[in-house]
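This is what each chain is made of:
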Amino acid sequence: MSEIPAKATESEDPSGGARAKAAGMLAADAAHGGLADGETPGDAMWQSSPPGSIYDYIKVASFSIGPDGLVDQWSLRAEQIFGIPAERALGMDPIDAFIDPDLRERGQRKMAEILDGREWTGVVPFRMPDPVAGGGRGEQGLAEVYVMPTRSLDGEKAAVCIVVDVRTLRSMETDLAASQAIFGQSPFGFLLIDPDLRVRRANERFASLFGGTPDDHRGRGVHDYLPRPEAERVTATLRRVLKTGDSITDMHVTGFLPGSDERRHWSINLYRVHSGSGRPIGVAWLGTDITARRAAAREAAAARRNLALLNEAGARIGNSLDLETTARELLDVVVPGFCDLATVDLYQGLLAGDETPPGLADGSAELRRVAFSSAVSDAPFTGSGTPVAVGAVHHFPFNSPCADALRTARPQAIPGEEGGLVQSTLAVPMVAHDTVVGLAQFSRTKGSEPFGDRDRDLAVELAARAAVCIDNARLYRREHERALILQRSLLPPGDPVASGLDIACRYLPGNASTGRPSEVGGDWFDVIELPGHRTALVVGDVMGRGLRAAVAMGELRTAVRTLALLDLEPAEVLSALDEIARGLGTPGGVQQATRAARRPREADLSEVYLATCVYAVYDAVTRRCTFANAGHLPPVLVEPGESALMLDVPPGMPLGVGGEPFEEVEVDLPEGALLALYTDGLVESRDHPLDEGLQAFVGALTDPSSPLEDVCDHVLNTLDTHHGEDDIALLMARVQGLPTESVGDWTLPREPRSVGRAREYARGQLLSWDLEPLVDTTELLVSELVTNALRYGEGEIRLRLLLDRTLVCEVWDAGLVQPRRRRARDTDEGGRGLQLVGLLSAAWGSRRTPRGKTVWFELPLPDGETGLMDPAEALLSLF
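Just so it is clear, the model here is predicted, and its values are computed rather than measured.

(A) Just the packing of aromatic side chains, in detail. Within the structure shown, the criterion is met by 12 aromatic pairs. Ring geometry for Trp74 against Phe82: centres 5.7 Å apart, planes inclined by 45°, an arrangement best described as tilted. By relative accessible area, Trp74 is classed as buried at 11%. For Phe82, a relative accessible area of 7% corresponds to the buried category. Here the aromatic rings of Phe210 and Tyr225 are separated by 5.2 Å at their centres, their planes lie at 75°, and the arrangement is edge-to-face. Of this pair, Phe210 sits in helix α8 (residues 204-210) while Tyr225 sits in the loop between α8 and α9 (228-244), and the two are 15 residues apart along the sequence. Residue Phe210 is classed as buried on the basis of its relative accessible area of 12%. Tyr225 gets classed as buried once you look at its relative accessible area, which sits at 11%.

(B) Structural detail: the nonpolar core. Counting residues in each nonpolar core, the largest one holds 48 residues, and the members touching the most others are Leu330, Val334, Phe338, Val344, Met430 and Phe442. Top element by residues in this core is helix α14 (residues 453-477). It accounts for 8 residues. In terms of nonpolar packing, the next biggest core, distinct from the first, is built from 31 residues, Leu501, Leu537, Phe627 and Leu731 among them.

(C) Structural context of unusual backbone geometry. Looking along the chain, the bond that leaves Val335 and enters Pro336 is cis, with omega of 5°. As for its placement among the helices and strands, Pro336 is situated in the loop between α11 (323-334) and β11 (341-347). Although it is not a glycine, Leu197 adopts a positive phi angle of roughly 60°. Residue placement: Leu197 occurs in the loop between β6 (189-193) and β7 (199-202). For Leu197, a relative accessible area of 9% corresponds to the buried category. Positive phi, close to 55°, is recorded for His533, a residue that is not glycine. When you line up the elements, His533 lands in the loop between β18 (521-530) and β19 (534-545). Look at His533 and you get buried, because its relative accessible area is 7%.

(D) Just the pairing of strand β5 (residues 157-165), in detail. Of all 9 residues making up β5, 8 are buried, and the element is well covered by its neighbours. Pairing analysis gives 6 bridges linking strand β1 (residues 60-65) to β5, with the strands arranged antiparallel. Across the sheet, the residue bridging to Ser64 is Val160, located in β5.

Cut-offs and rules
Residues numbered from 1 in each chain as written. Predicted model: local features only at pLDDT ≥ 70, side-chain atom pairs only at ≥ 80, totals over all residues. Heavy atoms only, no water. Phe/Tyr/Trp six-rings, centres within 6.5 Å; stacked < 30°, edge-to-face > 60°. Buried < 20%, exposed > 50% of the residue type's maximum accessible area, 1.4 Å probe, protein only. Helix = DSSP H or I, 4+ residues; strand = E, 2+ residues; numbered from the N terminus. Core = buried A, V, L, I, M, F, W, Y, C linked by side-chain atoms within 4.5 Å. Pairing = 2+ DSSP bridges.

Shown next as structure tokens:
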């Protein structure tokens, strides 16, 4: 409790304090714009509070205490707060009635001071007396009490008490703060409209759209924001909501923002707002801008129409390998659904069976008009110059839009001739597999909607589909030659070389003994160098034969090399390959493949691509190899002095099946061990089942110490590899780990002195390897990487130098953020460290580790031919 000095505050009106407080609140409200038109602050102070005033929310009561310390007056508000009628309250001792027993003594002292003429105010805990006299304890409460001394008619000292329920006041403060936060922070336009349909309050979002501050919008009406017809409609709706209380949801309103001619669309929600007594005090307006949504809806409708046209084109175009028939099928689809007139011209050389249509450089080669269609006239097409009859051979002038379309392989818009029938024409080259085979022209007559960008894209797609069908015959004739090219490109270029491994490989295409090389398969192998003197070994097999399997193999092999350069774990590589394999057979990729998987079983399964693959990563420093398998045959390991054995690597599901994760297995390979990866063509044929072939293969690996080339020849000569039923891929690797003296490994504390220590360690190690020409460059780059690890990394820092065919430096830390190279501006003081690393090193990069990341760079060994860039020149080149 707190006390304040006594004041001369004698009042004969027990509610005078409350009225003064209410008058102050009304005056404050008037100062903030709460006065009605023509109303003065004095009027607001002395008017009677109507229903819905602040006293509907705040519980304020008054009572008086006589000279004997007992209640002698009890107001109606006191009856509402305390729940005690006046006949019971009169004559009651307020200390005994409302104060807990342990506080009564202190309360009696205060009462004596008050009756002695002292004014007092404070917060008092109280309890409600039980409604039944003599009952137990009532409800607990907290009240702010203001006691003013006064005198009775007889001149004796008495007191008037004003009581405010503190809990109700605190609840109001909380509700008001929450309301302010919601109103002020709403991302939507928010208005409070009074019963006169004037804006009482607006939030910042609304003001940011319509200009000014929220206070500037007070007193405005709907007509100040919307066009007249729209404003009248909204006004009628506001009156209905105010009258009936029925909420309005998602009412669409159209208008303009100040200073803009662009028509905007809003979605409006309206609901009636009530005071604490339930009296309607206005309408809340919540608006959301849906202009973009409506535009998107219109575009979606147009896209659906275009998709329907594309679906029809997919079903009707390409049912025949005849060129003229395919061209007529295209026109049957587009007229009249897409345009009013259309023609198709194909290169005369293509129709004559030439391999490549002539005259592609200037677009002036001879063409034949093979199809024409019109929805308005049977007259020859007159959209671009002299009419050409169907079957006639012609060519376009060099400077004409049609020749330009053929020359650039890009569509051209051609305006209609003055006084002619055609409004505009799209000249679209028919491109199939990067080859222009002809030209399609789509025209709309005057009065039709002009072509837009979406129409242009649709025309290109339709022409491309027809072009693919037209080009199928030419592609079919070239299949044999393409198969030969693919077969020659199956092997990796050159002899594979890997750090810490001796590699030998063999590839035998299927049917090689039958003289039919076009029957290529999908077997492949690869050897991929990874950072840190690590090597990825890959062997895979696409199920099926022919050109389709070879193409899928090429895509998967390219994907494997790309994923390997990302330095993913073997299981992650196979998971990504599985996604790629599932998307190979569908134009839309993996998502389209997922939808295709839900088709009925009668659907065509020719586009399902399945493949097996084993992916291994070998670390030449630790001689540890990590395997992951996707339905492939197990690798075979031959340790020195031991018999060959098949490694127990979980096979997993083939690529393209999806839905199952892949497991990894780590195997420590001893020095001199032999690892063999292979495809099923080596161990399986019609005459030899798989188990028998596997046992024969393991038995053929009897002398692993022989040169690898001899081991490969021995295996192929021992096994039945001339059946020609399937491709054979064999990849063999002998382990030759890095010697201990070729590895420098140090752990550095996380402190600035570690940069200098790292340079000292690097210099000492390079001098011990007789690599003095690399010392300066290595010291500089090591300093940059260790400094970056100190500034941006976490945990201890590890420095490792590896010497093999090249020098590799690695800096390890526990941070997960990968470094990103950026181009520093001339005025920047920093940001050139990674640029310097890129300039002075042969290669650099970063990779994730189980406990953080590794940043590395690679330098070629000095051989007298490859010169290193001078560090000073590199530094100067950055500025």
